[in-house]
Amino acid sequence: MPRLRSILSVILVLVTTLLVSCGSPQATIPTTYSAQKIEQLQVYVQPIQEFRDKMSVLEDLIASKNWVDTRTYIHGPLGQLRQSMTGLSRSLLPKDQPQAEQLAKNLFVHFERIDAAAKEKESSLAAAQFNEALKDFDAYLNLIPS
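Values in this document were obtained by computation on a predicted structure and should not be read as measured data.

The subject of this paragraph is the overall build of the chain. Looking only at helices and strands, the chain has seven helices and zero strands in total. Traced from its N-terminal end to its C-terminal end, the chain shows the element sequence α-α-α-α-α-α-α. C-alpha extents for the chain along the principal axes are approximately 95 × 30 × 20 Å. Here the chain holds 146 residues, and 32% of them are scored as buried. Taking the contacts inside the chain whose residues are at least 6 apart along the sequence as the reference set, 76% of them involve residues at least 24 apart. A total accessible area of about 9600 Å² is found for the chain, and carbon and sulfur atoms account for 56% of it.

This part covers a nonpolar patch on the surface. A contiguous nonpolar patch, built from Ile 7, Ile 11 and Val 15 and spanning about 250 Å² of accessible area, is present on the exposed surface. Following the sequence through the fold, Val 15 ends up in helix H1 (residues 2–23).

Considering all chains together, one arrives at five salt bridges under this definition. Close ionic contact of Asp 138 with Arg 52 constitutes a salt bridge, the shortest N to O distance being 2.7 Å. Note that Asp 138 is positioned in helix H7 (residues 123–143) and Arg 52 in helix H2 (residues 35–53), a separation of 86 residues in sequence. With its nearest N and O atoms 3.8 Å apart, the salt bridge here joins Asp 96 to Lys 95. We classify Lys 95 as exposed; its relative accessible area is 57%.

For helix H6 (residues 97–120), built from 24 residues, the straight-helix expectation of 34 Å at 1.5 Å per residue is met to within 8% by its first-to-last C-alpha distance of 35 Å. Of all the positions in H6, only Ala 100, Leu 103, Ala 104, Leu 107, Phe 108, His 110, Phe 111, Ile 114, Asp 115, Ala 117 and Ala 118 are classed as buried. Of the surrounding secondary structure, the elements contacted by the buried residues of H6 are helix H3 (55–63), helix H4 (67–75), helix H5 (81–91) and H7. One or two residues past the end of H6 sits Lys 121, with phi positive at roughly 60°.

A few words on the environment of Ile 144. With respect to the element layout, Ile 144 can be found in the segment after H7. Between the alpha carbons of Ile 144 and Leu 58 there is a distance of 24 Å; along the sequence they are 86 residues apart. The contacts of Ile 144, once residues within four sequence positions are left out, are Leu 41, Gln 42, Val 45, Leu 88 and Leu 92.

Reading guide: rules and limits
Residues numbered from 1 in each chain as written. Predicted model: local features only at pLDDT ≥ 70, side-chain atom pairs only at ≥ 80, totals over all residues. Heavy atoms only, no water. Helix = DSSP H or I, 4+ residues; strand = E, 2+ residues; numbered from the N terminus. Buried < 20%, exposed > 50% of the residue type's maximum accessible area, 1.4 Å probe, protein only. Contact = heavy atoms within 4.5 Å. Areas by Shrake-Rupley, 256 points an atom, 1.4 Å probe, with all protein chains shown as cover. Patch = residues over 30% accessible without salt bridge, like charges linked within 9 Å, V, L, I, M, F, W, Y side chains within 5 Å. Salt bridge = Lys/Arg side-chain N within 4 Å of Asp/Glu carboxyl O. Expected span 1.5 Å × (residues − 1).

Written out as structure tokens, the structure is:
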């Protein structure tokens, strides 16, 4: 009889373990943005949109060939942009994250090239990289749902 109780206890533990492991709800990855998520994203988008609005300052600096201020502007006011874009990219749906991260990376490559062009005082290269940066910046912002 004690042996039967031991076997019965082991069987009950196994059945309970099986039921608990099979019966738990599974987490699903969302495929669309909820209204609450969109509101949360708008909080992150606002400072990034302000940086986009201030890109005309960089354009004016490049056009006037003010290379010192061009480099200072990239490293100063635009320095916080990388952190903001990285945070926003991580808040997007998993399907949108790789594209957002790549666009942000491309944007900063263009900023680095503008910085190098300013250092070498090459206005045509700086202007071309600025235009490419604008395209990537706009594409990044278009990924964000409104």
